[in-house]
There are 2 protein chains.
Amino acid sequence: MSEKKQFTIGIDFGTESCKAILVDVSNGVLAAASEYRYAHGVITDTLPDSNIQLEPGWALQDPSDYLNALKRTVPRLMRESQIDPEQVIGIGVDFAGSTVIPTTADGTPLVFLEDYKEEPNAWPKIQRHHAAQEQADRLTRLAAERFETFLDRYGGKINAEWFFPKVWETYENASSIYNNAERFIEGCDWIVWQLTGVESRNVCAAGYKALWSKSEGFPLETFFAAMDSGLANVVDEKMKRELSPVGQQVGELTEAAARMLKLRPGIPVATGMLDTYAAIPATTVVEPGRMVIMLGSSNTHMVLAEKEYRIPGMCGMVEDGIVPGLLGYEAGQSCCGNLLDWFINNAVPEDYAKEARKRKMDLFQFMEEKADKLKAGESGLIALDWWNGNRSILVDDDLSGMILGYNLNTKPEEIYRSLLEATAYGTRKIIETFIASGVPINEIIIAGNYPVQNKLLLKILANVTRMEIRLAKSEYTSALGSAIYAATAAGETGGGYATLQEASSKMAQLKKETFIPDSNDKKVYNRLYSEYTLLHDYFGYGHNNAMKRLKAIRTGILEKKLRQS
Amino acid sequence: MSEKKQFTIGIDFGTESCKAILVDVSNGVLAAASEYRYAHGVITDTLPDSNIQLEPGWALQDPSDYLNALKRTVPRLMRESQIDPEQVIGIGVDFAGSTVIPTTADGTPLVFLEDYKEEPNAWPKIQRHHAAQEQADRLTRLAAERFETFLDRYGGKINAEWFFPKVWETYENASSIYNNAERFIEGCDWIVWQLTGVESRNVCAAGYKALWSKSEGFPLETFFAAMDSGLANVVDEKMKRELSPVGQQVGELTEAAARMLKLRPGIPVATGMLDTYAAIPATTVVEPGRMVIMLGSSNTHMVLAEKEYRIPGMCGMVEDGIVPGLLGYEAGQSCCGNLLDWFINNAVPEDYAKEARKRKMDLFQFMEEKADKLKAGESGLIALDWWNGNRSILVDDDLSGMILGYNLNTKPEEIYRSLLEATAYGTRKIIETFIASGVPINEIIIAGNYPVQNKLLLKILANVTRMEIRLAKSEYTSALGSAIYAATAAGETGGGYATLQEASSKMAQLKKETFIPDSNDKKVYNRLYSEYTLLHDYFGYGHNNAMKRLKAIRTGILEKKLRQS
């Protein structure tokens, strides 16, 4: 047995699909990968097999899709890799979150019960469910009024995507669901429950999405009571106070689950994780000093640190949430891929579109090629990347985008490049804020599939931040991370590793390709960044609240239009 | 004879063509119109019949085109209208300017002489000749250093399109042309010379383009000597000090000219005019209180007033230059049609272009239709209309355009509308500056062909300025103006009018269509205008010189690129 290779499985539940991979524990090399697209996808309009309509902002999923994902992906990994199930030494699971599933005491989703399946609040509310915005806003206000210390850990703002706004929404709008739900549980913890029969709650999701911290625990009963007297004991009644550390074994694969997955029973299953954070060790980052940026529609920036710092405009700070013994800091940009999408959909002239088609390039490639021919500073343009507000460091949804420096010769590729540059300036602003607060950052690691398509963004990012930029090698960073956490959960004796650091150093890799700042461009961008900063501070810190006033006028007119229609 | 109708001819020399019209003196009704496109057009690349290349920025014309224009247009008016030449009681001429023609003492253009025709400086330099920018900049600096009082009348800046920069350019770069040119003369005065045999210089062109004023005359010899000792006596050597008032008879049509035009000799010919100013009486404006805006690629704003006011950011102030006894004030926006052209050429997405084609609309119409469906303030966008710098009131070429308020749902028509709105805000800024300086303005009259195509701009302009907007009726405002000046030159005894006021009241008309401010929209625009003002002042008055610094960076990079290529 000992000469045989050993493997772990990482299962990553995303928004549209579940991806599972089987990797070699000794070096992280992929043995097999398998993807299952949820049959019901994201449910936003009507509940499946019914004509029950959902309000705008709702986003649900069907837990049977999760189970089907397990049944379809894992057996396929084994089949395709031809690996002996005996060689699988651990399983890790990550999930997009906060995904809140109301269940009975034994973990049965309420929606599986005939009585509740026509009630939208009985269904899992996924991350992008935004219908609890009102509750989130009230939570923020309440916490601010009460000077709750937890608010500081989240940059002063509770997000509608998080755990308690969704639970509160259910409490207020579907009391029978709230009352009959014996548990509200994160998607990742629910999957682990299905695999092991053990109900656990992980530190990562509790810390980043449910206001928990290692030193203070969950908010106090008095806070929940201030939300609503009926919620005072929500933690004790509907959750668990004991949390499972990340990278540890929660339980073993049950007989039933083993049959479902075509694996042997008894395999160690690691604590569940949120997908974004699970990816970190897969980018090789398990120590302070390197920032991981998940580039996507919006961007997430993560840094590990040994001490607790107060950093303006963070999205979260969780001790032990990613790497045991370290604090994981998170910041974010509400705009990146969605901004470039906006440009491609709204601002590319017909002659460009025609030329791109002729050259068989998609518009992103075409615009990138044209923009890449420009020199830093050549356009004379500068933009504020606030098309979707500003998360870090200003934490202000009411800000909006700006482009300055247009002239009659301004070309579309100059505007496109100014948007890439603005994204980079926004990232540098976040990095400088971290550094100014005492958190060292010396290198940037990029994860997410987006950057592969946009080398120019990475080049500009290196020049603007004046840091070397490297890319995570795996295209399955979250699933690989789960496989790494699984190897840690298995432990040295189980064929894995004693520490997450060791597991990551063996199993995670970076691409050879690296982006090094150009000595000239970084000088030009230094000058441009100081212009960005002037504008950032002028519009961001209330010297001129034009953006907020314009948004208020706009909102008023749109509401009036809506009333009249 | 007395019961026979009487007519005047207005001849308008534009940039690409000459338009002549024959109008009924009693009511201004058009009897015939004729256009001649210059055979040589605008000469920008190589001199005709040669391989002599022109530098960038050069723009010349061939005076033989002017003579051919006279020969082709006027006889056609007579032929087509079947009017008896005896019924023509006056001729007026206007010309785009400053168009500087070097001639011999008898008015022969130097370029007609074999010796000079291969020298670009011997050719008429037309308004849009921009190669004398350096001389213009030096003139501005010199006048500022010497505290020359004339500089204030031009908003502190000498334009490269004006008379003396072009003459100085010739002096510096082609001394033989300067020395052999016995005269430098404006196009309009040169035509009048051809028609009457009389060399005259008109107050209008001298005032708006050659630094002359009624109270101070031309700049002093000491100023010209400071430019260059050889230029000290430029006025006495190459020009004339006596100027002809507008709307007066300079001379009579000569035998030779009458043969050329197929008219009777002896017809009174009016003082020449610049085209923009000749148009004013044709818009019915011959008194203070109403602003005429010539909408075009860029906009010109003109107001008459009884007293001399110092108004920030004007382009010119000339006593008697348009209407005898009144001062004519001019302001300008460097952007309007050219800004919309920029948008149409660079920012309309393919699906819009396709839909417009399907509906057989041009893109301007299509964008206007879409933008017209939006409410004031609905887009949340605000723009600074400085794509081509700002003429009035900031007089700053180094400013650039800006759009603020973008979000991920921002649509192209919202951006398009924000550009129209920005143009209107810029106009309101000019109007408010006039009013604050003591010049009353109560109504706006629009001239130029551009607005006919863009009703939305006029609607927005009315709502932003909170003034009624009316349109000049004639599509030949400059030519009609020349015909009105001709009727004044003929005088009451000659079958015309005693005053310009009387001539205009009989011969000029407005369209019935009128744009009246909407009570709701004007309130919204009042709020938006205050946002425009905040941004205008912040970026325009140096609180944040980002635009200038970005332009300096941009210029540096472009120059480096040029050197390397």
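Model, not experiment: these values are computed from the prediction. (Residues numbered from 1 in each chain as written. Chains lettered and ligands numbered in written order. Predicted model: local features only at pLDDT ≥ 70, side-chain atom pairs only at ≥ 80, totals over all residues. Heavy atoms only, no water.)

A. Spotlight on the overall build of chain A. Helix and strand counts for chain A come out as 20 helices and 18 strands. The C-alpha atoms of chain A give 24 Å as radius of gyration, which agrees with the globular expectation for 565 residues (24 Å, within 12%). With the C-alpha coordinates of chain A rotated into their principal frame, the extents come out at 70 × 60 × 50 Å. Expressed as a percentage of its 565 residues, the buried residues of chain A come to 63%. In chain A, of all internal contacts separated by at least 6 residues, the share reaching a separation of at least 24 is 72%. Carbon and sulfur atoms provide 47% of the accessible area of chain A, an area that totals close to 20,700 Å². (Helix = DSSP H or I, 4+ residues; strand = E, 2+ residues; numbered from the N terminus. Rg over C-alpha atoms; globule rule 2.2 N^0.38 Å. Buried < 20%, exposed > 50% of the residue type's maximum accessible area, 1.4 Å probe, protein only. Contact = heavy atoms within 4.5 Å. Areas by Shrake-Rupley, 256 points an atom, 1.4 Å probe, with all protein chains shown as cover.)

B. View of the packing of helix α14 (residues 363-372) of chain A against helix α16 (residues 455-465) of chain A. Residues and elements named next belong to chain A. Running from amino to carboxyl end, α14 crosses α16 at an angle of 40 degrees, the nearest separation of the two axes being 9 Å. As judged from the angle between their axes, α14 and α16 are oblique. Facing Glu368, Ala371 and Asp372 of α14, the residues of α16 in contact are Lys455, Leu456 and Lys459. Residue composition of the contact of α14 with α16, by class: two nonpolar, no polar and four charged. (Axes fitted to C-alpha atoms, helices over the stretch in contact; angles between N-to-C directions. Parallel < 35°, antiparallel > 145°, perpendicular 65-115°, else oblique. Nonpolar A, V, L, I, M, F, W, Y, C, P; charged D, E, K, R; others polar.)

C. Quick look at the nonpolar core. Of all hydrophobic cores here, the largest spans 158 residues; its most connected members are A:Phe434, A:Phe539 and B:Phe539. Contact partners of A:Phe539, with chain neighbours within four places excluded, come to A:Leu384, A:Trp386, A:Leu399, A:Met402, A:Asn544, A:Met547, B:Leu404, B:Leu535 and B:Phe539. (Core = buried A, V, L, I, M, F, W, Y, C linked by side-chain atoms within 4.5 Å.)

D. A look at the pattern of salt bridges. According to the stated counting rule, one finds 67 salt bridges over all chains in the structure shown. B:Glu287 serves as the salt-bridge partner of B:Arg290, at 2.7 Å between the closest nitrogen and oxygen. In this structure B:Arg290 comes out as buried when scored by relative accessible area, which is 15%. Put simply, B:Glu513 and B:Lys455 hold a salt bridge, and the shortest N to O gap is 3.2 Å. Residue B:Glu513 is found in strand β18 (residues 510-515), and its partner B:Lys455 is found in helix α16 (residues 455-465); the two are separated by 58 residues along the sequence. Judged by its relative accessible area of 36%, B:Lys455 is partly exposed. Each of A:Glu134, A:Arg138 and A:Glu172 takes part in one network of salt bridges that share partners. (Salt bridge = Lys/Arg side-chain N within 4 Å of Asp/Glu carboxyl O.)

E. Molecular detail of the side chain of B:Glu148. Residue and element names in this part refer to chain B. Tracing the chain through its elements places Glu148 in the loop between α2 (133-145) and α3 (150-153). Within the structure, Glu148 has its side chain in polar contact with the side chain of Arg146 (distance 2.8 Å). If we ignore the near neighbours within four places in the chain, the residues touching Glu148 are Ala143 and Phe223. (Polar contact = N/O pair within 3.5 Å; in protein donor to acceptor, adjacent residues only side chain to side chain.)

F. View of the interface of chain A and chain B. Facing the 58 residues of chain A at the interface are 57 residues of chain B. Here chain A and chain B share an interface that buries about 4,800 Å² over both sides, 59% of which is from carbon and sulfur atoms. Looking only at chain A, the three residues that lose the most surface to chain B are A:Tyr406, A:Leu408 and A:Leu550, adding up to 15% of its buried area. At the junction of chain A and chain B, the tally comes to six salt bridges. (Buried area = accessible area lost by both parts, 1.4 Å probe.)

G. The sheet that holds strand β10 (residues 289-294) of chain A, seen in detail. All names here are of chain A. Taking strand neighbours across the sheet as the criterion, the seven strands line up as β12-β13-β11-β10-β16-β17-β18 in an open arrangement whose pairing is mixed. Each edge of the sheet is formed by a strand with only one pairing partner; in this case those strands are β12 (316-319) and β18 (510-515). Averaged over all pairs of adjacent strands, the angle between strand axes in this sheet comes to 25 degrees, irrespective of strand direction. Pairing of strand β16 (residues 441-447) with strand β17 (residues 468-472), which is carried by four bridges, proceeds in the parallel orientation. Across the sheet, Ile444 pairs through a bridge with Ile469, a residue of β17. (Pairing = 2+ DSSP bridges.)

H. Examining the packing of aromatic side chains more closely. Under the defined criterion, the tally for this structure stands at 51 aromatic pairs over all chains. When the ring of A:Tyr406 is compared with that of B:Trp387, the centres are 4.5 Å apart and the planes differ by 10 degrees; the resulting orientation is stacked. Separated into two different chains, A:Tyr406 in strand β15 (residues 401-406) and B:Trp387 in the loop between β14 (382-384) and β15 (401-406) make up a pair that spans both. Here B:Trp387 falls in the buried class, since its relative accessible area comes to 2%. Here the aromatic cluster, defined as three or more aromatic residues joined through ring pairs, consists of A:Phe13, A:Tyr38, A:Tyr66, A:Phe95 and A:Trp190. Across from the ring centre of A:Tyr178, 4.6 Å away, lies the NZ or CZ of A:Lys238, which sits over that ring. Directly above the aromatic system of B:Tyr352 lies the positively charged group of B:Lys370, at a separation of 5.0 Å from the ring centroid. (Phe/Tyr/Trp six-rings, centres within 6.5 Å; stacked < 30°, edge-to-face > 60°. Lys NZ or Arg CZ within 6 Å of the ring centre and 35° of its normal.)

I. Main features of helix α6 (residues 187-196) of chain A. Residues and elements named next belong to chain A. Across the 10 residues that make up α6, a large majority, nine, are buried. Those residues of α6 not exposed but buried are Gly187, Cys188, Asp189, Trp190, Ile191, Val192, Trp193, Leu195 and Thr196. Phi for Gly197, located one or two positions after α6, is positive at around 80 degrees.

J. The relation of the copies chain A and chain B, seen in detail. Of the transformation placing chain A onto chain B, the axial shift is 0.0 Å and the rotation is 180 degrees, giving an RMSD of 0.1 Å. One copy is carried onto the other by what is essentially a two-fold rotation axis. Mapped onto chain B, 98% of the interface residues of chain A are again interface residues, and the two copies thus contact each other with one and the same surface. (Least-squares fit on C-alpha atoms with pLDDT ≥ 70 in both.)

K. Focus on the state of the cysteines. Tallying each qualifying case throughout the model produces zero disulfides over all chains. A:Cys188 takes part in no disulfide bond, and the closest cysteine sulfur, belonging to A:Cys204, lies 7.2 Å away. Using a relative accessible area of 0% as the deciding quantity, one classes A:Cys188 as buried. No disulfide involves B:Cys335; its sulfur sits 8.1 Å from the nearest other cysteine sulfur, which is in B:Cys336. (Disulfide = S-S within 2.5 Å.)

L. View of the packing of α16(B) against helix α19 (residues 519-540) of chain B. Residue and element names in this part refer to chain B. At a minimum axis distance of 7 Å, the contact between α16 and α19 shows a crossing angle of 70 degrees. Between α16 and α19, the angle falls in the class roughly perpendicular. Of the two elements, α16 crosses α19, and the hand of that crossing is right-handed. In this structure, α16 contributes Ile460, Asn463 and Val464 to the contact, and α19 contributes Asp521, Lys522 and Tyr525. Partitioning the contact of α16 with α19 into residue classes produces three nonpolar, one polar and two charged. (Left-handed = near helix turned anticlockwise from the far one by under 90°.)

M. Expanded view of the pairing of strand β3 (residues 30-37) of chain A. All names here are of chain A. Looking at chain direction, strand β2 (residues 17-24) and β3 are connected through seven bridges and run antiparallel. Each residue of the ladder has a partner; that of Lys19, found in β3, is Glu35. In textbook terms, the turn of a hairpin is the stretch between consecutive antiparallel strands, and for β2 and β3 this stretch comprises five residues, one of which, Gly28, has a positive phi near 75 degrees.

N. Local environment of the sheet that holds β15(B). Judged by pairing direction, the sheet is antiparallel, and its four strands sit side by side in the order β14(A)-β15(A)-β15(B)-β14(B) without closing on themselves. Edge strands, defined here as strands with exactly one partner in the open sheet, are β14 (382-384) of chain A together with β14 of chain B. Each adjacent strand pair in this sheet contributes to an overall mean axis angle of 10 degrees, direction not counted. In this sheet, β15(B) lies alongside β15(A) in antiparallel orientation, the contact comprising five bridges. If you follow A:Met402 over to β15(B), its bridge partner there is B:Leu404. Strands β14 and β15 of chain A together with β15 of chain B of the sheet are contacted by helix α19 (residues 519-540) of chain A, whose axis makes an angle of about 35 degrees with β14(A).

O. Fine view of the side chain of A:His129. All names here are of chain A. Position of His129 among the secondary structure elements: in the loop between β5 (100-103) and α2 (133-145). Looking at His129, the relative accessible area reads 0%, which means it is buried. Engagement of the side chain of His129 in a polar contact is seen with the backbone nitrogen of Ala59, the distance being 3.1 Å. Looking at His129, its side chain comes within polar contact range of the side chain of Glu169, at 2.8 Å.

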